[in-house]
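Survey of secondary and tertiary structure
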Amino acid sequence: MEQVDRHDVRARHWVAEAIRQVEADAHRSCDTHLHVFPLPAHWGVNLYLKDESVHPTGSLKHRLARSLFLYGLANGWIGPNTTIVEASSGSTAVSEAYFARLIGLPFIAVMPESTSPEKISLIEFYGGKCHLVTDPRTIYAESIRLATESGGHFMDQFTYAERATDWRGNNNIAESIFHQLAMEPHPEPTWIVVGAGTGGTSSTIGRYIRYRRYATRLAVVDPEGSAFYPSWVTGDASVTAPGSRIEGIGRPRVEPSFLPSVIDRMIQVPDALSIAAMRWVREVTGRDVGGSTGTNVAAAVQLLAEMRAAGEEGSVVTLICDGGERYRGTYDNDAWLRDQRLDIHPHLANLRAFLAS
Ligand SMILES: Cc1ncc(COP(=O)(O)O)c(C=O)c1O
């Protein structure tokens, strides 16, 4: 990794200017919306969708990418000649390519070759290069190799997501949610429901809830083929798994930024239900959302049904992680669903019945 020469005044000026540019991006941006999901008023429960798809780079990863660049710049790991390398399922690489271009650095994304073509072209649109690997498990070693060869810096979101994000505040996603709920009937939600890719979002929210002493509980969803749920249930962090079909969440190994101790409950969601819920959200709200949002909403519906069955009033918050336009070739494609042997129709019928019940 190229270390920024401590004595090189010009490099220090470059770092200061790069930090100003990244901070200015935040200053130009407004906060993401918190949408009300339409539920019958007499139910006494409310569901909210925190819309992270409206960030400049279209996903929740815009926040993380900004934090990782500030962390790398402030640590002296990124300088005027640093090639930025990242291992990603796609979303983080899109956002990091944007920030690399913002400060004038080359960017290489190491991703599984199964990554959606929409995400690959977005990374290239921001000037990034995509280095595709056949086996998703090799993205870490391949990133380290490319960073070493280019004398560059491996951003390593899976390790640093939980460290680079300020969990005490600084307008992190949790602080934004609680601020936007302040005038709602149930401003302190019963549950916040999120997925885990790096685990950074769930770690930030879990820590913030405890730091601010809220009674809110954190539920983390997991798709098929992921190591997070089995590891959380058994406490065994060495669990491995085949890998997830829901882009952005679920991992073949337990990632370093996954913090099981701040998670109150984990819910496994079948992939067919995730995709049914993705389409149902669009049907009910008109909002075009991605697969991991479907996973979130499916679990939120389960928790709402449990609250209603227990006669409990309250609110549940979950995330719109990115937009559906990134998955036209997969979750939105019936031929792809057939190939994957995913029958979403019974799940779609159940979700429609839930709202009609
Ligand atoms: C679309 C999408 N949803 C959810 C997540 C999970 O976020 P985190 O990495 O903070 O756990 C990711 C992460 O890459 C993602 O890309």
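Residue numbers run consecutively from 1 along every chain, following the written order of its sequence. Side-chain atom pairs in this predicted model are given and counted only at pLDDT of 80 or more, local residue features only at pLDDT of at least 70, and totals for whole chains, interfaces and linings cover all residues. The side-chain quantities take in all heavy atoms of the structure and omit both hydrogens and water.

Thoughts on the nonpolar core
To keep things clear, this is the line we draw: Each nonpolar core is a collection of buried residues, namely Ala, Val, Leu, Ile, Met, Phe, Trp, Tyr and Cys, held together in the definition by side-chain atoms within 4.5 Å. Three labels apply to residues, based on accessible area from a 1.4 Å probe with only protein chains included: buried if under 20% of the type maximum, exposed if over 50%, partly exposed otherwise in between. Segments assigned H or I by DSSP are reported as helices when at least four residues long, segments assigned E as strands when at least two residues long, and all are numbered from the N terminus. Contacts are assigned to residue pairs that have any heavy atoms within 4.5 Å of one another.
Formed by 42 residues in total, the largest nonpolar core has its most connected members in Leu39, Val193, Ile275, Trp280 and Val316. When contributions to this core are tallied by element, the ones reaching two or more residues are strand E2 (45–51), strand E7 (191–195), strand E8 (217–222), helix H10 (271–285), helix H11 (291–309), strand E10 (314–320), helix H12 (334–339) and helix H13 (345–356). Setting aside residues up to four positions removed in sequence, Trp280 forms contacts with Phe37, Val297, Val301, Leu348, Leu351, Arg352, Phe354 and Leu355. Ala18, Trp77, Tyr98 and Phe107 belong to the second largest nonpolar core, which has 29 residues in total.

With respect to the sheet that holds strand E6 (residues 153–154)
Quick note on the threshold: Pairing between two strands is assigned when DSSP locates at least 2 bridges connecting them.
Overall, parallel pairing links the four strands, which are arranged E5-E4-E3-E6 in an open sheet. Either end of the sheet is taken by a strand with one partner, and the two such strands are strand E5 (129–133) and E6. Summarising the sheet, strand E3 (residues 84–87) and E6 pair through two bridges and their orientation is parallel. When the bridges of E6 are listed, Val85 appears paired with Phe154.

Some remarks on the site of the ligand
Under the convention used in this document: By convention in these notes, a residue is near a molecule or strand provided one of its non-hydrogen atoms lies within 4 Å of it. Pairs of N or O atoms are called polar contacts if they sit within 3.5 Å, as long as, within protein, a hydrogen donor faces a hydrogen acceptor (for residues adjacent in sequence, only side-chain-to-side-chain pairs). Using the Shrake-Rupley algorithm and a 1.4 Å probe, accessible areas are obtained, with residue cover drawn only from the displayed protein chains.
As a structural note, the neighbourhood of the ligand is formed by 16 residues, with Lys61, Gly197, Thr198, Thr201 and Ser292 the closest of them. The separation between an oxygen atom of the ligand and a polar side-chain atom of Lys61 is 2.5 Å. One of the side-chain nitrogen or oxygen atoms of Ser292 is found 2.8 Å away from a nitrogen atom of the ligand. Compared with its free state, where it exposes 390 Å², the ligand has 97% of that area covered by protein.

What about the state of the cysteines?
Note the cut-off: What counts as a disulfide here is a pair of cysteine sulfur atoms lying within 2.5 Å.
This model, assessed by the stated rule, comprises zero disulfides. In this structure Cys30 is a free cysteine whose sulfur lies 18 Å from that of Cys321, the closest cysteine sulfur available.

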